[in-house]
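Structural overview for review
Single-letter residue listing:
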Amino acid sequence: MTCRLDDARDTDLPDILALYNDAVQHTTAIWNETRVDLEDRRRWLAERTAQGYPVLVARDAGNAFLGYASYGPWRAFQGYRYTVEHSVYVHPERRGQGIGANLMRALIERARTQGLHVMVAAIESGNAPSIRLHQGLGFVVSGQMAEVGYKFDRWLDLTFMQLILEPAHA
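Residues numbered from 1 in each chain as written. Predicted model: local features only at pLDDT ≥ 70, side-chain atom pairs only at ≥ 80, totals over all residues. Heavy atoms only, no water.

All right, on to the overall build of the protein chain then. The helix and strand tally for the protein chain stands at four helices and seven strands. Counting from the amino terminus, helix and strand elements in the protein chain follow one another as β-α-α-β-β-β-α-β-α-β-β. Compactness check: the protein chain gives a C-alpha radius of gyration of 16 Å against a globular reference of 15 Å for 170 residues, within 12% of the reference. Projected onto the principal axes, the alpha-carbon positions of the protein chain cover approximately 45 × 40 × 30 Å. As displayed, the protein chain has an accessible area near 9,200 Å², and 49% of this comes from carbon and sulfur atoms. Distance between charge centres in the protein chain, computed from 18 positive and 20 negative side chains, equals 3 Å. (Helix = DSSP H or I, 4+ residues; strand = E, 2+ residues; numbered from the N terminus. Rg over C-alpha atoms; globule rule 2.2 N^0.38 Å. Areas by Shrake-Rupley, 256 points an atom, 1.4 Å probe, with all protein chains shown as cover. Lys, Arg positive; Asp, Glu negative; His and termini not counted. Charge placed at Lys NZ, Arg CZ, Asp CG, Glu CD.)

If you want it as structure tokens, here you go:
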């Protein structure tokens, strides 16, 4: 599906908030169990922007919100400064239409432009569509951890995937 990708602005926050909270309530894509408010998303966007990390939104030709994606630091230690972890969320009624792949390709390009080396995905192991999406973009499984999360009255396994973006900066 063709969609327009833009850097997120404050006016996008209500849509981002609604999709985030939908994922909290109905999916294992986010391992939080508490909905957040608009001020939380406002702080999140300001923090990502201040750190130089992208937050992208996808909209269709009629300007309907389709999803969003971002990346940020993977771990807080200096040695990990060339590695980021990303997230991508697509509106429930628009999944499976290539929107996630469009957002991911744009994120990958941004990461390369910023001179980053590795992009990490942490995916609930039962989320086969997300794992397939990442494999199609060149990500490889780099590890699995059994029962490290708990949501919806069950233990969740975590699959780590990674994409090496370009040669190391060493």
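Now that the structure is up, let's keep going.
A rise of 1.5 Å per residue sets the reference length of helix α2 (residues 38–50), with its 13 residues, at 18 Å; its end C-alpha atoms lie 18 Å apart and thus fit the reference within 8%. Within α2, the full set of buried residues consists of Arg41, Trp44, Leu45 and Arg48. Seen from one end, α2 has its buried residues packed into an arc of 95°, which puts them on one side. Residues of α2 that are buried make contact with α1 (13–26), β2 (55–59) and β3 (65–73). (Expected span 1.5 Å × (residues − 1). Buried < 20%, exposed > 50% of the residue type's maximum accessible area, 1.4 Å probe, protein only. Arc of directions from axis to C-beta. Contact = heavy atoms within 4.5 Å.)

Tyr71, Met104, Ile108, Met119 and Phe139 are the most contacted members of the largest nonpolar core, which has 26 residues in total. Listing elements by their share of this core, those giving two or more residues are β2, β3, β4 (83–90), α3 (99–113), β5 (118–124) and β7 (154–164). Top contributing element to this core by residue count: α3, with six residues. In this structure, methionine 119 is in contact with Tyr71, Val84, His86, Met104, Leu107, Ile108, Ala111, Phe139, Met161, Gln162, Leu163 and Leu165, ignoring residues within four places of it in sequence. Membership of the second largest hydrophobic core comes to 17 residues, among which are Leu17, Val24, Ile30 and Val57. (Core = buried A, V, L, I, M, F, W, Y, C linked by side-chain atoms within 4.5 Å.)

In this section: the side chain of glutamate 124. Along the chain, glutamate 124 falls in strand β5. Look at glutamate 124: it is buried, it has no salt bridge, and the nearest opposite charge is arginine 154 at 4.3 Å. Of the polar contacts made by the side chain of glutamate 124, one reaches the side chain of threonine 28; its length is 3.2 Å. (Salt bridge = Lys/Arg side-chain N within 4 Å of Asp/Glu carboxyl O. Polar contact = N/O pair within 3.5 Å; in protein donor to acceptor, adjacent residues only side chain to side chain.)

Here we come to the pairing of strand β6 (residues 140–151). The pairing of β6 with β7 spans eight bridges and is classified as antiparallel. The residue bridging tyrosine 150 from the neighbouring strand is tryptophan 155, located in β7. Linkage of β6 to β7, two consecutive antiparallel strands, is achieved through a turn of two residues, within which phenylalanine 152 is found at a positive phi near 55°. (Pairing = 2+ DSSP bridges.)

Phi at asparagine 63 is positive, roughly 75°, even though this residue is not glycine. Among the secondary structure elements, asparagine 63 is positioned in the loop between β2 and β3. Of note in this structure, phenylalanine 152 is not a glycine but carries a positive phi near 55°. When you line up the elements, phenylalanine 152 lands in the loop between β6 and β7.

Glancing now at the packing of aromatic side chains. Tallied over the entire structure, the rule returns six aromatic pairs. Ring geometry for tyrosine 68 against tyrosine 89: centres 5.3 Å apart, planes inclined by 40°, an arrangement best described as tilted. Remark: tyrosine 89 occurs in strand β4 and tyrosine 68 occurs in strand β3; sequence separation between them is 21 residues. Residues tyrosine 68 and tyrosine 89 agree in their burial class; the two are buried. Arranged with centres 6.4 Å apart and planes meeting at 55°, the rings of phenylalanine 77 and tyrosine 80 form a pair that is tilted. When its relative accessible area of 54% is taken as the criterion, phenylalanine 77 is described as exposed. (Phe/Tyr/Trp six-rings, centres within 6.5 Å; stacked < 30°, edge-to-face > 60°.)

As far as function goes, none of this settles anything; it's purely spatial.
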